[in-house]
Amino acid sequence: MFKFSIFKLRKVGNNILDLFFPKFCLGCGEEGKFVCGKCFKKIKQEELCCPVCNKVNFAGRFCKKHKKQARFDGLLFVGRFQGINKKLVHNFKYEGIKELSNLMAKVMAQVLAQNFRAEEKLVLVPVPLFFAKRLSRGFNQSEILAQKIGEILDLPVANLLLRIKATKSQTRFTKQKRLENIKKAFCLSGWGRKENLKNKTIVLVDDVYTTGATLSEAAKILKKKHPKEIWALTFCKD
Ligand SMILES: [Zn+2]
Ligand SMILES: [Zn+2]
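Basis of the calculations
- Residues numbered from 1 in each chain as written.
- Chains lettered and ligands numbered in written order.
- Predicted model: local features only at pLDDT ≥ 70, side-chain atom pairs only at ≥ 80, totals over all residues.
- Heavy atoms only, no water.
- Donors = N, O, S within 2.8 Å, 3.2 Å for Na, K, Ca; no water.
- Tetrahedral: all angles 85-135°; square planar, octahedral: opposite > 155°, others 65-115°.
- Buried < 20%, exposed > 50% of the residue type's maximum accessible area, 1.4 Å probe, protein only.
- Helix = DSSP H or I, 4+ residues; strand = E, 2+ residues; numbered from the N terminus.
- Arc of directions from axis to C-beta.
- Contact = heavy atoms within 4.5 Å.
- Lys, Arg positive; Asp, Glu negative; His and termini not counted.
- Salt bridge = Lys/Arg side-chain N within 4 Å of Asp/Glu carboxyl O.
- Pairing = 2+ DSSP bridges.
- Axes fitted to C-alpha atoms, helices over the stretch in contact; angles between N-to-C directions.
- Domains from an automatic or database assignment.
- Buried area = accessible area lost by both parts, 1.4 Å probe.
- Polar contact = N/O pair within 3.5 Å; in protein donor to acceptor, adjacent residues only side chain to side chain.
- Nonpolar A, V, L, I, M, F, W, Y, C, P; charged D, E, K, R; others polar.

Colleague: Sorry, what's going on with the coordination of the zinc ion (ligand 1) here?
Modeller: Geometry reference: four tetrahedral donors at a metal, ideal angle 109.5 degrees. Six octahedral donors, ideal angles 90 or 180 degrees. The coordination sphere of the zinc ion (ligand 1), as far as protein atoms go, consists of Cys 25 (SG), Cys 28 (SG), Cys 36 (SG) and Cys 39 (SG), spread over 2.3 to 2.4 Å. Taken together, the four donor atoms coordinating the zinc ion (ligand 1) and their angles of 103 to 115° define a geometry best described as tetrahedral. Taken in chain order, the donor set of the zinc ion (ligand 1) reads C-x2-C-x7-C-x2-C. For Cys 36, a relative accessible area of 8% translates into the label buried.

Colleague: Would you mind going over the coordination of the zinc ion (ligand 2) with me for this structure?
Modeller: Protein coordination of the zinc ion (ligand 2) is provided by Cys 50 (SG), Cys 53 (SG), Cys 63 (SG) and His 66 (ND1), with donor distances spanning 2.1 to 2.3 Å. Because the angles between the four donor atoms bound to the zinc ion (ligand 2) fall within 94 to 116°, the donor set is best described as tetrahedral. Ordering the donors of the zinc ion (ligand 2) by residue number gives the pattern C-x2-C-x9-C-x2-H. With Cys 53 in the loop between helix H2 (37–40) and helix H3 (64–67) and His 66 in helix H3, this residue pair connects regions lying 13 residues apart in the sequence.

Colleague: In this structure, what is going on with helix H8 (residues 175–182)? I would like to understand it.
Modeller: Inspection of H8 places Arg 178, Asn 181 and Ile 182 among the buried residues, and these make up the whole buried set. The buried residues of H8 occupy an angular sector of 85° when the element is viewed end-on, so they sit on one face. Buried-residue contacts for H8 involve strand S3 (161–163), strand S4 (186–188) and helix H10 (213–223). At the C-terminal side of H8, Lys 184 shows a positive phi close to 55°.

Colleague: Quick question: what am I supposed to make of the side chain of Arg 137 here?
Modeller: With respect to the helices, strands and loops of the structure, Arg 137 is situated in helix H6 (residues 131–137). No salt bridge is formed by the buried Arg 137, whose closest oppositely charged neighbour, Asp 207, lies at an N-O distance of 6.0 Å. Residues contacting Arg 137, with those up to four places away along its chain left out, are Lys 93, Tyr 94 and Leu 129.

Colleague: For this particular structure, what's the right way to read the sheet that holds strand S2 (residues 122–126)?
Modeller: Note: strands within a sheet are paired through backbone hydrogen bonds, in either parallel or antiparallel orientation. Overall, parallel pairing links the four strands, which are arranged S1-S6-S5-S2 in an open sheet. Both outer strands of the open sheet, strand S1 (74–80) and S2, are each paired with one neighbouring strand and no more. Adjacent strand axes in the sheet meet at a mean angle of 25°, parallel and antiparallel pairs treated alike. In this sheet, strand S6 (residues 229–237) lies alongside S1 in parallel orientation, the contact comprising six bridges. For Gly 79, the partnering residue across the bridge sits in S6 and is Cys 236. Lying on the sheet, helix H4 (residues 83–93) is in contact with S1, strand S5 (201–209) and S6; it crosses S6 at an angle near 100°. Contacts from helix H7 (residues 141–153) reach S2, S5 and S6 within the one sheet, and its direction differs from that of S5 by about 130°.

Colleague: Is there a simple way to think about the domain arrangement of the chain in this case?
Modeller: Each domain of the chain was delimited in the assignment, giving domain 1 (1–39) and domain 2 (43–237). Taken over C-alpha atoms, the centre of domain 1 sits 30 Å from the centre of domain 2. With six residues of domain 1 at the interface, the matching set in domain 2 holds nine residues. Counting each side, the surface lost to burial between domain 1 and domain 2 is near 650 Å², with a carbon and sulfur contribution of 71%. Sorting the residues of domain 1 by area buried against domain 2 places Leu 26, Phe 34 and Val 35 first, and these three jointly supply 74% of that buried surface. Summed over the shared surface of domain 1 and domain 2, the number is one salt bridge. Put simply, Lys 23 and Glu 99 hold a salt bridge, and the shortest N to O gap is 3.2 Å. At the boundary of domain 1 and domain 2, one finds two residue pairs in polar contact (both at pLDDT 80 or more). Residue classes in the side of domain 1 that touches domain 2 are distributed as four nonpolar, one polar and one charged.

So, in structure tokens, the structure goes:
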């Protein structure tokens, strides 16, 4: 009886919130949901490719030419950083609409499930934020995504990394500048030092893949633990 009344109250509360702050589809502007059914269909998986040159290979691994410079095994992503995908990332990360992460995590989980066999021992590792940035934003978008993907696929989520350097925003930097900026930004966390990663495949989770500088640096640190493979999983690729 008690539970029922709380549930009812919440429901009424949500309806009232919707009345004052109605939701509009980020794709077409239709009132009702953040992403309507029609626009949701547009969020589909693009063909996987070499993360550097975008040459399609259906696996997400680096091509022969770019394999040497790679610090991780490959990239899985949902779509390109444009249109509704870009709006989703922006509204989640900068406007703080955490509800959007449910949808993002759902499609990311699908991509992950399609590309790994069930017997593979996967560990989801969110890319950490520097503590001051996390405080000012109030949350780490990668952590929320990793947790939700972990819940959907019943996979462990481990905060194996710490961000020890306040890096400048990467958005306006060239690739070379990004690499310099992110250098020595991570170390293993206490958990990361203790965890045995042999025979396990790490999946680094982030929202967007741009030049891969951040993910490469994170992978470099995790390599010290000799996992079987290291993959990156993002919602978008630039
Ligand atoms: Zn729509
Ligand atoms: Zn390539």
